[in-house]
Amino acid sequence: MTRLLRRLILLVALFLVLSIYYTSSFHSPIPAFQWQYGSTMEPGVLDDPDYFWRKVPTHYQLQTIRPLPKGKPLKLPRIQHRFSQETSQEQATRLERQRAVQEAFARGWKAYREHAWLQDELAPVTGGAKNTFGGWGATLVDNLDTLWIMGMRNEFEDAVAAATNISFETSSLPEVNVFETTIRYLGGFLSAYDLSGDHRLLRKAREVGDMLYVAFDTPNRMPITRWKVGRAAKGELQEASPWALIAEIGSLCMEFTRLSFVTGDPKWFDATERIAGVLKAEQSKTKLPGMWPISINPRDKNFHGDNTFSLGAMADSVFEYLPKMVALTGGLLPEYGEMYTYAANTAKNHSFYRPLTPDNADILLATAVHVNKVHHDGEVPEPDYVGQHLVCFVGGMLAIGSKLLKRPDDLDIARKLTDGCIWTYRNMPHGIMPETFSMAPCSPESGTCEWDEVAWKKALLTSAGNDVKNIAKEHIDKLADEVISEKRLPKGFTDFMDRRYILRPEAIESVFVLYRVTGDKSLLESAWTMFQAIQKASKTELANSALADVTVAAKHKPHQTDSMESFWMGETLKYFYLIFSEPSLISLDEYVFNTEAHPFKRLVP
């Protein structure tokens, strides 16, 4: 009887433990299918054959699927600076600034909750709602991890409960952007799952992943980037486009790989590794070997037809993801490090320049390069000297690459590029950088970068369409002053192509990364100055709005355009919050951010 009673008690205890385990929203992960992937599979939940997108017929069957990488993750070099203990005054200042950022986020979240719940975006001036990214609640999903990071657990639970009811079977738009859907929705669910361990989020990540996987059902397995999701849902035949942006083809690997790691299903990893194979094969064949052009032909796997190369818009994240894949996979895929080294070396030779500034600042800007045929010299790389807010991420990318891949010289370049973005912020009337602008490069003939007002004025006149060779010196000042007045050009700037600020995160992203890498406290001051400037100009009664023109005189407030993309809270405010947090919060040695600022767990030994 005693032995029987013991067995009965053990069975009851086991039943209670399992019941608690499966009913808890935030239970501890169950053992991984392979320890090194950090998988937390939940049996019976992730392998649901009745889910809609898994039932869509497949037209182009795969013969083989590449397995997940095996072996123990490498012990990669440390990224984060070893911070010393802060003083009580430093801590008080930091926490006060952190609270200010959190308050800005909380205001925006409250307004979204009240006026645009389950819609993609809040209209922050009028209080309306917009659906610009599929109608699946982009702001909600994009900010799940931000809620967790900021300790807003009640709001997080409400958001997760709402997110579980989002249907990805249909879209409010006839065509969706696969890249944007991947970085915002799949990245958002995966990151929030990595942070919280809530299996409801893993289930939603699997659903989005299954939907996106259908975009790869083409004859050559290259994805359709601008995807007619309704036609795909009906099982219609698909084919990759003869034209696509390189960023939208080559920047899916982090999210797809992480999804494979946490589910144990290698199909997503296989999908983006096929793209990586083409990238590697084509990297040396382009008109600027080492870099891929901004547009390519995925239908024919031709990645070397365009002649424009940039680390900025339309190409940015394909380069950003190379060192980040090294971190994400624990160095188990060396080809990403090899591709990054090749690309970074090319970029250092052609994509960075020192601009002419009135204070002789030792800074760098990143620019696009056009490879054109010049007379009888053949094809020659020519920079266009156009700066972009979006390309400000490059400082952070080079800083991470300098540590992970032991390229110490790149850290100095990373700092100068980041300082270039800080300088641009500080030298605008409202302390905010515009979308795109141009500056004159230092003269390579002189070997110095001393301020030369005549050279600056000639450069801005050339930008305005004047042939300065045929203008007498005595007339240059008069003509230049007219252009300066008309275009509202601060000293150093030669033109503004796009005067907006759309609440972008890239500048604070690099400031945050450089601070975590170097520990330089001056970057904290730069971040705070940037935050205050943005708040002053963009704050509305409800939240924050994009700005139409940040070049207007300081006495005039820029016009607010009633737009607040999900990245304002999901990226910009997240980076501002993290730079004023303890460095151990989302350590760069434990997590790696996707291009939408969603932190994924790294594979570590």
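See the structure shown above.
Bear in mind the structure is a predicted one, so any value in this text is a computation, not a measurement.

Participant: Explain the sheet that holds strand E11 (residues 379–383) residue by residue, including any values.
Facilitator: Backbone-to-backbone hydrogen bonds join strands into a sheet, with any given pair of strands oriented parallel or antiparallel. Sheet architecture is open: 3 strands sit in the order E7-E10-E11, paired in antiparallel fashion. Each end of this open sheet is capped by a strand with a single partner; those strands are strand E7 (308–309) and E11.

Participant: Kindly report on the state of the cysteines, identifying the contributing residues and their values.
Facilitator: Disulfides are covalent bonds that link the sulfur atoms of two cysteine residues. Under the definition given, this model contains 2 disulfides. Between the sulfur atoms of Cys-392 and its disulfide mate Cys-421 the distance is 2.1 Å. Where Cys-392 bonds to Cys-421 through sulfur, the torsion about that S-S bond is close to -105°, and the disulfide is left-handed. Taken together, the residues span a long stretch of sequence, with Cys-392 in the loop between strand E12 (386–388) and helix H14 (394–404) and Cys-421 in helix H15 (residues 409–426) at a distance of 29 residues. Here Cys-442 connects covalently by a disulfide to Cys-449, the sulfurs 1.5 Å from one another.

Participant: So what's going on with helix H12 (residues 316–328)? Residues and values would help.
Facilitator: Taking 1.5 Å of rise per residue, the 13 residues of H12 would be expected to cover 18 Å, and the 18 Å separating its terminal C-alpha atoms lies within 8% of that figure. Bending of H12 peaks at approximately 35° at the position of Leu-322, with proline Pro-323 no more than four residues after it. Of all the 13 residues making up H12, 13 are buried; the element is thus mostly covered by neighbouring parts of the structure. Following H12 by one or two positions, Gly-330 adopts a phi angle in the positive range, close to 60°.

Participant: Account for the sheet that holds strand E13 (residues 436–439), with residues named and values stated.
Facilitator: Overall, antiparallel pairing links the 3 strands, which are arranged E12-E13-E14 in an open sheet. Each end of this open sheet is capped by a strand with a single partner; those strands are E12 and strand E14 (493–498). Recorded for the sheet is a direction-independent mean angle of 30° between the axes of neighbouring strands. Bridge count between E13 and E14: 4 bridges; the pairing is antiparallel. Across the sheet, Thr-436 pairs through a bridge with Asp-498, a residue of E14.

Rules behind the numbers
Residues numbered from 1 in each chain as written. Predicted model: local features only at pLDDT ≥ 70, side-chain atom pairs only at ≥ 80, totals over all residues. Heavy atoms only, no water. Pairing = 2+ DSSP bridges. Helix = DSSP H or I, 4+ residues; strand = E, 2+ residues; numbered from the N terminus. Disulfide = S-S within 2.5 Å. Expected span 1.5 Å × (residues − 1). Bend = angle between axes of the 7 residues up to and from the residue. Buried < 20%, exposed > 50% of the residue type's maximum accessible area, 1.4 Å probe, protein only. Axes fitted to C-alpha atoms, helices over the stretch in contact; angles between N-to-C directions.

By themselves, these observations are geometric and do not establish any function.
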